[in-house]
Amino acid sequence: MGQPVREYLLTLCVTVAVTYLLTGPVRKFAIAVGAMPEIRARDVHREPTPRLGGIAMFGGLCAGLLVADHLKNLNGVFELSNEPRALLSGAALIWLVGVLDDKFELDALIKLGAQMISAGVMCMQGLTILWIPVPGVGSVSLTPWQGNLLTVALVVITINAVNFVDGLDGLAAGMVCIATCAFFLYAYRIWFGYGIEAAAPATLFAAILMGMCLGFLPHNMHPARIFMGDSGSMLIGLVLAAAAISVTGQVDPDAMALFVGGERNATHAMLPVFIPLILPLTIIAIPMTDLILAIVRRTWKGQSPFAADRGHLHHRLLELGHSHSRAVLIMYFWSGLIAFGTVAYSVHSASMWIVLAISGLSAVGLLLLLLPRFTPRAPRWAERLVPPRYRHAERAAEAALQDDSAAEPEPARPIAAGVSGVNGATAIGPRSRFPDRRKAGSSR
């Protein structure tokens, strides 16, 4: 196969276009079937928003695979490997369960079982981990049972990690897209740079996953007009896991070795090359951290690990004082820093500039993270001259009360039947007043 840069770009564009164009009709369909759950105590949005965005994302996945199958340089992926069919089979199953959950709110154990079955379907069709690279030891072959169990565990962990960060508008799709972009660069480098065609399926999966996320993001950015729901979050988590399994467990690391003094010495010499073989774990480092902290936090409180709460990382960013958009951008920043930093270090591990750049960007990220704590406060004599956010808390509250008392309420204007207001209009009519979210019950 030749260098399929244009083919990948075409596949990416088709996936983006199909996902983007399908999201609008899917939103209307979700409203029509009532896939708009009530506001829950842990939700951040203030009005019911339709789900089922995963339907459009699954359409983009199918379109991307169909286009790639008819391209000259990518057709060999389908002829030489059964992995694309395995991915489509597992994705269809997990997507169907996600659609049912978005409409009927399935039990968490049912979804967990569906995730394991989807991973098992991919294993039965050959998309499984065959060996794992161990620095200092080399390639360790796995028995079929070991490979299948490890594959199922990786799929389940990745799906739930992505699902856990799907709590703010555009957060999950953006983080997965950024991390997948770094993963695509690495997988393409293995394929074209080292001439290892076994990395071609993972490269294709990464390109399609980027297209799915990019096509959905315009509809999902704050304020979101539609959510991906579990049908979308579990789908992109499974595709991400499939790409990780393909490049980690199907590509023989010895094919990239320098063969200096035997396999063990070659492994030591190529240690930076082995690092991105665990890149799938680094690109979900933040979701994985959120998942582990959530399990520890809920277990410590005597709750079920599946119990919903408002203790996720994105919730803590909001509690620190970040706005919705700034919290999402901070999560984007850390996701990109970890993923691209790992890839850059694998390419030029001997360069001290890369280490210094990663350290410097990490310091910038910490500064942005704690920015609300460093909000400057004006002197008391100048508080009347600055906006309320720069005043002391007591003076700011007094100024807000004075502004509220000075403002005269505007007379309410009747709204004609069937006509929505300019501000706050929804697809199902004028915005209604909803009860306080703290009183709203959570079904999960």
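For the structure, check the block above.
Small disclaimer: the values here were computed from a predicted structure and weren't measured.

(A) Fine view of the pattern of salt bridges. Considering all chains together, one arrives at three salt bridges under this definition. Among the salt bridges present, the one from Asp101 reaches Lys111, with a minimum N-O distance of 3.6 Å. Linking Asp101 in helix α4 (residues 83-104) with Lys111 in helix α5 (residues 108-124), this pair joins segments that are ten residues apart in sequence. One exposure class covers both Asp101 and Lys111, and it is buried. One salt bridge connects Lys111 with Asp230, and the closest N-O pair in it is separated by 2.8 Å. Taken together, the residues span a long stretch of sequence, with Lys111 in helix α5 and Asp230 in helix α9 (residues 229-249) at a distance of 119 residues. For the pair formed by Lys111 and Asp230, the shared burial category is buried. Look at the salt bridges and you will find they share partners, linking Asp101, Lys111 and Asp230 into a network.

(B) A look at the packing of helix α2 (residues 54-69) against α9. Two numbers describe how α2 lies on α9: the axes approach to 7 Å, and their chain directions differ by 35 degrees. Counted together, Gly54, Ile55, Met57, Phe58 and Leu61 of α2 and Ser231, Gly232, Leu235 and Ile236 of α9 form the full contact between these two elements. Residues that form the contact of α2 with α9 fall into these classes: six nonpolar, three polar and no charged.

(C) Region of the structure containing the nonpolar core. One finds Leu61, Leu204 and Leu235 to be the most contacted residues of the largest nonpolar core, which totals 93 residues. Sort the elements by how many residues they give to this core and helix α7 (residues 171-194) lands first, with 15 residues. Residues within four places of Leu235 in sequence aside, it is in contact with Gly54, Met57, Phe58, Leu61, Ala91, Ile94, Trp95, Met212 and Asp230. Formed by five residues, the second largest nonpolar core is a distinct cluster that contains Ala161, Met288, Leu291 and Ala294.

(D) Spatial organisation of the side chain of Ser118. By the element assignment, Ser118 lies in helix α5. A polar contact of 2.9 Å, which involves the side chain of Ser118, links it to the backbone oxygen of Ala114. When near neighbours in sequence (up to four residues on either side) are disregarded, Ser118 contacts Gly90, Leu93, Ile94 and Leu238.

(E) Representation of the packing of α4 against α9. Between α4 and α9, the shortest axis-to-axis distance is 7 Å and the interhelical angle comes to 160 degrees. The angle between α4 and α9 falls in the class roughly antiparallel. Seen from above, α4 lies across α9 with right-handed handedness. Along its contact with α4, which presents Glu83, Leu87, Gly90, Ala91, Ile94, Trp95, Val97, Gly98, Val99, Asp101 and Asp102, the element α9 presents Gly229, Asp230, Ser231, Met234, Leu235, Leu238, Val239, Ala242 and Ser246. Class assignment for the residues of the contact of α4 with α9 results in eleven nonpolar, five polar and four charged.

(F) Representation of unusual backbone geometry within the structure. With an omega dihedral of -5 degrees, the bond running from His222 to Pro223 counts as a cis peptide bond. Even without a glycine there, the phi angle at Leu52 is positive, about 65 degrees. Position of Leu52 relative to the elements: it lies in the loop between α1 (5-33) and α2. For Leu52, a relative accessible area of 3% corresponds to the buried category. With a phi close to 60 degrees, Glu105 is a non-glycine residue in the positive phi region. Assignment of secondary structure puts Glu105 in the loop between α4 and α5.

(G) Geometry of α5. Given a rise of 1.5 Å per residue, 17 residues ought to cover 24 Å, and the 25 Å separating the end C-alpha atoms of α5 matches this to within 8%. Among all positions in α5, only Lys111, Ala114, Gln115, Ser118, Ala119, Met122 and Cys123 are buried. In this structure, the buried side of α5 is in contact with α4, α6 (144-164) and α9. With a side-chain oxygen lying 3.0 Å from the backbone nitrogen of Leu109, the N-terminal cap of α5 falls on Asp107. One or two residues past the end of α5 sits Gly126, with phi positive at roughly 100 degrees.

Parameters at a glance
- Residues numbered from 1 in each chain as written.
- Predicted model: local features only at pLDDT ≥ 70, side-chain atom pairs only at ≥ 80, totals over all residues.
- Heavy atoms only, no water.
- Salt bridge = Lys/Arg side-chain N within 4 Å of Asp/Glu carboxyl O.
- Helix = DSSP H or I, 4+ residues; strand = E, 2+ residues; numbered from the N terminus.
- Buried < 20%, exposed > 50% of the residue type's maximum accessible area, 1.4 Å probe, protein only.
- Axes fitted to C-alpha atoms, helices over the stretch in contact; angles between N-to-C directions.
- Contact = heavy atoms within 4.5 Å.
- Nonpolar A, V, L, I, M, F, W, Y, C, P; charged D, E, K, R; others polar.
- Core = buried A, V, L, I, M, F, W, Y, C linked by side-chain atoms within 4.5 Å.
- Polar contact = N/O pair within 3.5 Å; in protein donor to acceptor, adjacent residues only side chain to side chain.
- Parallel < 35°, antiparallel > 145°, perpendicular 65-115°, else oblique.
- Left-handed = near helix turned anticlockwise from the far one by under 90°.
- Expected span 1.5 Å × (residues − 1).

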